[in-house]
Amino acid sequence: MIDLFRSENVVVRAVPVEDVSRWVVTFDNYGIGHGFDRPAFGESFLRHAGVSAVHVMGSREEWYQYREMAEVMAAVRRITAGAERVMTYGSSMGGYAAIRFADAAGAHAALAISPQYSIDPAKVPFETRWRQEAHGIRWLPEIDGPIKCGCTPIIVFDPTGDDRRHVEMIAAETAIERIDLPHSGHPSATYLSELELLGPLVLQTLSGALNVAGFRADARRRKPQCPAYLSRLAELQPPRRADLALALARRANNLAPANPIALAAVASLLGRLGEHEQALAYHDVLSNVTERAPNYLVLRAQALVDAGRPDEARVLAREIVATSPDTANLWAWLGHIEWQCGAHGAAIKALEHAVGLFPSHADYQLQLDHYRASLPLDTEALPKGGLARVVRTAKLWLRRGAAASQADVDSPG
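Reference entry: report on the structure contained in this document.

1. Topic: the layout of surface pockets
In this approach, a probe sized like a water molecule rolls over the atoms, and the result shows the empty space that is left. Counted as a void, the second largest pocket has a volume near 270 Å³. What lines the second largest pocket is a set of 17 residues, among which Arg 100, Phe 101, Ala 104, Glu 142 and Ile 143 lie closest to the centre. Elements represented by at least two residues in the lining of the second largest pocket include exactly α2 (69-80), α3 (93-100) and α5 (141-144). Residue composition of the lining of the second largest pocket, grouped by class: eleven nonpolar, one polar and five charged.

And the structure:
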């Protein structure tokens, strides 16, 4: 393991094996972890597969918008120079980079799973999954401009969601090979892994032997045995097909009893049917299986709210926010729960945190104004001038034409 380049933002780490005629250049996905004292994307798999790798590791989720990326890719080129095959590889944010930096890496192939064209709000206003990050990134035209890619990227994606729109924008600027897998979710790597097709996809793309049509057909043939696919299909069923939805989720859970996606699907659907105690029992299992992973604890906290137990949800929500204190939508969600518990001051403080972290998100400010305007007036408890401020806030709320009912808060995701 050799660090070829290091800055505050990026590390380039080479993990060569005996065969250095082939190299895979990987890019981190969103949420893989901050800093550089961690495994890189695909590191373990590639080492065990006997494939030399260069891992481009970002310190944060900023879609590689770093001025030093030209130096980074020069370091990549130096170690892969003369190789028979070089492939860039990434998922989601890493898929974005695998396409954007393929030429700079001297790649003969690129494999991008569920990539974005960009998340710059000016370019993709439909994209809302990473709004806070997108508004905080300084987008560099030399990286996020029109795509120029000498090879033909292989793109695997779910065409039933927003990933399709990203792929269409990529295809408008460069030739691609599509492997569209309906209801495979984001990222589609989980689906492929459950079908035991992710490894073959990587190695066949690297060698140049991938038969795209045959691979697509094989993936679709296997999908009835994929818990991730069945779970997603279950959650997409309309209310009138509630029995079918639950049956699909239970089938996914039976195929893989410890699979978090399947457990979450069963719990979610039981909650929708009003079977709250059964739902919470599944959430108990889910918490144990995932070792209290925050993204699944969010679902448990919301299930407690739905079960009429907001005080318990509040304790859990506070724990979740403490694990990710820079995430605005978690603070807004916590504020929603605090308000339901009658903790009005705590709700306002939580929304103030959300607004401070993401000032341009108008919904957070509207929610905060609504809370302030809805406070019971205790004129004796108000500081001097306090009543006037409350009245002014209420008038502001009314001028904005907000409904009397509580505004929706983004669910954490």
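2. Examining unusual backbone geometry
Following His 186, the chain continues to Pro 187 via a peptide bond in cis, the omega torsion being -10°. You can see Pro 187 is positioned in the loop between β8 (177-180) and α7 (189-194).

3. As for the packing of aromatic side chains
This model, assessed by the stated rule, comprises ten aromatic pairs. Summarising the aromatic geometry, the rings of Phe 27 and Tyr 64 are spaced 5.6 Å apart at their centres and angled 85° between planes, so their arrangement reads as edge-to-face. Taken together, the positions of Phe 27 in strand β3 (residues 22-27) and Tyr 64 in the loop between β4 (52-58) and α2 put the pair 37 residues apart, joining distant regions of the chain. The two residues Phe 27 and Tyr 64 agree in class, both being buried. Residues Phe 358 and Tyr 364 carry aromatic rings whose centres are separated by 6.2 Å and whose planes lie at 75° to one another, so their mutual orientation is edge-to-face. Considered together, Phe 358 and Tyr 364 belong to a single accessibility category, that of buried residues. Aromatic rings pair up to connect Phe 27, Tyr 64 and Phe 101 into one cluster. Looking at Arg 100, its charged tip hangs above the ring of Tyr 117, at a distance of 4.9 Å from the centre.

4. Concerning the nonpolar core
Among the nonpolar cores identified, the biggest contains 44 residues, and Tyr 89, Ile 179 and Leu 192 are the most heavily contacted of them. Look past the residues within four positions of Ile 179 in its chain and what remains in contact with it is Ile 154, Ile 155, Val 156, Phe 157, Leu 201, Leu 210, Val 212, Phe 215 and Arg 216. Ranked by size, the runner-up nonpolar core spans 31 residues in total, among them Val 25, Val 72, Tyr 96 and Ala 97.

5. Let's talk about the packing of helix α17 (residues 344-357) against helix α18 (residues 362-374)
Relative orientation of the contacting elements α17 and α18 amounts to 160°, with a least axis distance of 9 Å. The angle between α17 and α18 falls in the class roughly antiparallel. As for the relative orientation of α17 and α18, their crossing is left-handed in sense. Contacts from Ala 347, Ile 348, Leu 351, Glu 352, Ala 354 and Val 355 of α17 reach α18 at Tyr 364, Gln 365, Gln 367, Leu 368, Tyr 371 and Arg 372. In the contact of α17 with α18, the residues fall into eight nonpolar, two polar and two charged.

6. Digging into the sheet that holds β4
In space, the eight strands of this open sheet follow the order β1-β2-β4-β3-β5-β6-β7-β8, with mixed pairing throughout. Two strands lie at the open edges of the sheet, namely β1 (2-6) and β8, each paired on one side alone. With strand direction ignored, the average angle separating the axes of adjacent strands in the sheet is 15°. In this structure, β3 lies alongside strand β5 (residues 85-91), joined through six bridges in parallel fashion. In the sheet register, Arg 22 faces β5, and the bridge partner there is Arg 85. Against the sheet, α3 makes contact with β3, β5, β6 (109-113) and β7 (154-157), and its axis sits at roughly 150° relative to β5, the strand it touches most.

7. Details of the side chain of Gln 116
Here Gln 116 is to be found in the loop between β6 and α4 (131-136). Of the polar contacts made by the side chain of Gln 116, one reaches the side chain of Trp 63; its length is 2.9 Å. Within the structure, Gln 116 has its side chain in polar contact with the side chain of Ser 92 (distance 3.0 Å). Setting aside its immediate chain neighbours within four residues, Gln 116 contacts Trp 63, Ser 92, Met 93, Tyr 96, Trp 130, His 166, Ile 170 and His 186.

8. Here's the deal with helix α14 (residues 294-306)
Given a rise of 1.5 Å per residue, 13 residues ought to cover 18 Å, and the 18 Å separating the end C-alpha atoms of α14 matches this to within 8%. Inspection of α14 places Tyr 296, Leu 297, Val 298, Arg 300, Ala 301, Ala 303, Leu 304 and Val 305 among the buried residues, and these make up the whole buried set. If you follow the buried residues of α14, they end up packed against α12 (260-272), α13 (276-289), α15 (310-323) and α16 (328-340). One or two positions beyond α14, positive phi appears at Gly 308, with a value near 80°.

9. Some thoughts on empty space enclosed by the protein
Under the criterion given, the structure shown has one cavity of 30 Å³ or more. Looking at the largest cavity, its volume works out to about 70 Å³. In the lining of the largest cavity, the residues fall into five nonpolar, five polar and five charged.

10. Regarding the environment of Val 72
One can find Val 72 in helix α2. Residues Val 72 and Ile 170, 98 residues apart in the sequence, show an inter-C-alpha distance of 23 Å. If we skip the residues at most four places from it in the chain, Val 72 touches Phe 5, Val 10, Val 12 and Val 56.

Definitions and limits used
- Residues numbered from 1 in each chain as written.
- Predicted model: local features only at pLDDT ≥ 70, side-chain atom pairs only at ≥ 80, totals over all residues.
- Heavy atoms only, no water.
- 1 Å grid on protein atoms, 1.4 Å probe; cavity = no way out; pocket = protein on both sides within 12 Å on 5 of 7 lines; lining within 4 Å.
- Points joined across faces, edges and corners; volume = space filled by probe spheres on them.
- Helix = DSSP H or I, 4+ residues; strand = E, 2+ residues; numbered from the N terminus.
- Nonpolar A, V, L, I, M, F, W, Y, C, P; charged D, E, K, R; others polar.
- Phe/Tyr/Trp six-rings, centres within 6.5 Å; stacked < 30°, edge-to-face > 60°.
- Buried < 20%, exposed > 50% of the residue type's maximum accessible area, 1.4 Å probe, protein only.
- Lys NZ or Arg CZ within 6 Å of the ring centre and 35° of its normal.
- Core = buried A, V, L, I, M, F, W, Y, C linked by side-chain atoms within 4.5 Å.
- Contact = heavy atoms within 4.5 Å.
- Axes fitted to C-alpha atoms, helices over the stretch in contact; angles between N-to-C directions.
- Parallel < 35°, antiparallel > 145°, perpendicular 65-115°, else oblique.
- Left-handed = near helix turned anticlockwise from the far one by under 90°.
- Pairing = 2+ DSSP bridges.
- Polar contact = N/O pair within 3.5 Å; in protein donor to acceptor, adjacent residues only side chain to side chain.
- Expected span 1.5 Å × (residues − 1).

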